[in-house]
Amino acid sequence: VNIEKDSDLMHIVHITAEMAPIAKVGGLGDVVTGLARACLSRGHTVDIMLPFYECIPKQQINELELMTTYNSYHDGSWVPTNVYRGVVSGIPVILIEPSNHFFKGQFVYGGSYNELEAYLFFSRACLEWMQVTGTQPDIIHVHEWQTGALPLLYWDMYHHLSLKKPRLVLTIHNMEHYGECSKEQLSMCGLDGSGYATIDKAIDDRTIGHNPERLSLLKGGIVYSNSVVYHGILNGIDTAMWNPAKDVFLPSKFHAQEAEGKKICKRYVQRGLGLAPDCSRVSKDEPDSVNRVPLVVCITRLVAQKGLHLITHAIKQVEELNEASRRDVMTSRTMIALERSAFSSTFQRGGRGGGRGSFRGRTAINVGNYIDGLHGGEIAQVDMEGGQMVVLGKASDGRVEREFEGLSNLVILMELYTASFPFPSSLNDLNCFPEIIEMLLTFCEELSHMLYAAADMVLVPSIYEPCGLAQMIGMRYGAIPIVRKTGGLADTVFDMDDQSNSDMANGFVFEGIDEGSFNWALDRACRHFREKPDEWNDIVRKVMEIDNSWNNTAGKYIDVYNSIRARC
Ligand code: ADP
């Protein structure tokens, strides 16, 4: 890690709608936390300001204290607002809590308040707090449309008051959402909305379906920021949070030189989800051979960008495979039922979840027909044509959610509470089971860690992907990525069968958005896994050692900060 010279040290304040792990919906939360940590470790002073969402788990905030109460403007009146400070995962946070209904609800997004108006309020409230307290960071780093109005407020209002020093960086993580708003709505934060309805300010005539009456907060943010980052700087992963050698959510830790723990994680997840474990082949000819079932995971927001049709295709293909082999399917279901009842009874005996141990739907997908039957209580597998797939995903759109719910006899999505798991210390010790509280189409950070650790492959079939973290996290946890060749996925994953680039080879890549292209990559990955186990283990070691940390890329952000900071 580079420690900067004193004269180069800066005070950087991120203003953001998400922060991992307390308010994370997707990669934005990871990026903010990872970049903040990397800058802190270089000696900079960093704060993260975010709304104090009602859903934030307060027990994850250390040293939480009320700092001050002040008034911030919204729609003609001044709203009493609390400001808290605390430390999350070693990073200082400042939480803005208005006394009105904003940011109330069970989730980060999708509350019953008007989101656009709430983030307009939040943008102004952050500057108002700086003004009231005389806080003048070198850099205010805003993210996405939610904080797009802040640069307007800064240059047209607060810079004329007492905030002189800060300079502004806007990072666009995903251009799909741009914060479309009316002039009247923009006026709610105290700016004259109609004054921004021009092409050189907040009208974006290049938006599809552009409405000349509507403003774009993102466009305004682009125009008014000192620097805009939306390509060229690849994200990193926060290696403090994503570290299989120390990850508290894993039943067994592991790293590139000692990967035995990964097998335990795989078995743990397989047992927990009612999937057949990798096990000894029942065969007189090859008594010591082991059937390794490839476990593919897909952890994603369930939105069109993520290649939903390819994910559902995978699920439907399983159904077709199952149709083609009804006998094996029946066997497989029997096995799952047996696994489940063992699971439930363990849970009922030892569980602390108040009896909510029943399964709703199924949490995993058996891809293929690999289970031949139960022999004397042992599960024997004779056909290695198939594999297993687990999808963990949350949909924000009701239609998508219903579509996936419709597949729920195959898709396994669940919420696990891991804090008090009786973690096993060896493969033989796996008669203990996690508590299952409920199975949902859900977001679950703990389960995502376990799935990455358990996975042989991580699937990222995005239609477009500005950077993508799932493939990088997967690799750090020894899961080989299968990705579509687009954006940051193309920059970080290189095909195993591309002879011209074998040094970089670390996964399986497909180009088209059609099912054929996708099948081709998945088939190659599964074949490689089955037919070349030693090579596979080598590649697992190799991907775990790839450095996709912020160490590599934080310096590029520091260069951006340095290029715009006011030196006085
Ligand atoms: P995006 O920011 O577009 O969602 P990224 O790949 O950049 O995509 O980041 C996604 C992050 O969100 C990763 O850390 C991934 O593990 C996490 N994630 C996505 N869906 C879920 C889920 N349902 N449960 C837990 N973590 C999830």
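Residues numbered from 1 in each chain as written. Predicted model: local features only at pLDDT ≥ 70, side-chain atom pairs only at ≥ 80, totals over all residues.

### Comments concerning the sheet that holds strand 3 (residues 62-74)
Sheet strands associate in pairs through backbone hydrogen bonding, adopting either a parallel or an antiparallel arrangement.
No. 1: Within the open sheet, the eight strands sit side by side as 3-4-5-2-1-6-7-10. Their pairing is mixed. Edge strands, defined here as strands with exactly one partner in the open sheet, are strand 3 and strand 10 (227-229). For this sheet, the mean inter-axis angle between neighbouring strands, taken without regard to orientation, is 20 degrees.
No. 2: In the sheet, strand 4 (residues 77-88) pairs with strand 5 (residues 91-98) via eight bridges, with the strands oriented antiparallel. The residue bridging Asn82 from the neighbouring strand is Glu97, located in strand 5.
No. 3: Against the sheet, helix 1 (residues 27-41) touches strand 1 (11-15), strand 2 (45-51), strand 5 and strand 6 (139-143), its axis set at about 160 degrees to strand 2. (Pairing = 2+ DSSP bridges. Helix = DSSP H or I, 4+ residues; strand = E, 2+ residues; numbered from the N terminus. Axes fitted to C-alpha atoms, helices over the stretch in contact; angles between N-to-C directions. Contact = placed C-beta atoms within 7 Å.)

### Concerning the confidence of the model for the protein
No. 1: In the predicted model, the protein carries a mean pLDDT of 81, and the fraction of residues at 70 or more is 77%.
No. 2: In this model, residues 322-384 is a region of pLDDT below 50 whose contacts with residues beyond four sequence positions or in other chains number 107 contacts.
No. 3: Counted against residues more than four places away or in other chains, residues 409-440, with its pLDDT under 50, gives 83 contacts.
No. 4: Here the complex is predicted with pTM 0.84, and the ipTM for its interfaces comes to 0.99. (pLDDT = per-residue confidence, 0-100.)

### Focus on the site of the ligand
No. 1: Close to the ligand lie 20 residues, the nearest being Gly26, Gly27, Phe443, Ser448 and Leu469.
No. 2: The set of elements that each furnish at least two residues to the shell around the ligand consists of helix 1, strand 13 (295-301), strand 17 (387-394), helix 10 (445-454) and helix 11 (470-476).
No. 3: Here the shell around the ligand is composed, by residue class, of nine nonpolar, seven polar and four charged.
No. 4: For the shell around the ligand, the domains that each give at least three residues are domain 1 (6-237 + 552-564) and domain 2 (260-547). (Near = placed C-beta within 6 Å. Nonpolar A, V, L, I, M, F, W, Y, C, P; charged D, E, K, R; others polar. Domains from an automatic or database assignment.)

### Focus on the packing of helix 1 against helix 15 (residues 550-564)
Between two packed helices, the angle of one axis relative to the other and the distance separating the axes together describe the packing.
No. 1: Here helix 1 crosses helix 15 at 80 degrees, and the two axes come no closer than 9 Å. Accordingly, the angle class assigned to the pair helix 1 and helix 15 is roughly perpendicular. Every residue of helix 15 that contacts helix 1 at Gly34, Leu35, Ala38 and Cys39 is listed here: Trp550, Asn551, Ala554, Tyr557 and Ile558.
No. 2: Here the residues of the contact of helix 1 with helix 15 are counted per class, giving seven nonpolar, two polar and no charged. (Parallel < 35°, antiparallel > 145°, perpendicular 65-115°, else oblique.)

### Some thoughts on the pairing of strand 4
No. 1: The pairing of strand 3 with strand 4 spans ten bridges and is classified as antiparallel. Within strand 4, the position partnered with Thr68 by the bridge is Val83.
No. 2: Taking the residues between adjacent antiparallel strands as the criterion, strand 3 and strand 4 are bridged by two residues, where Asp75 takes a positive phi near 50 degrees.

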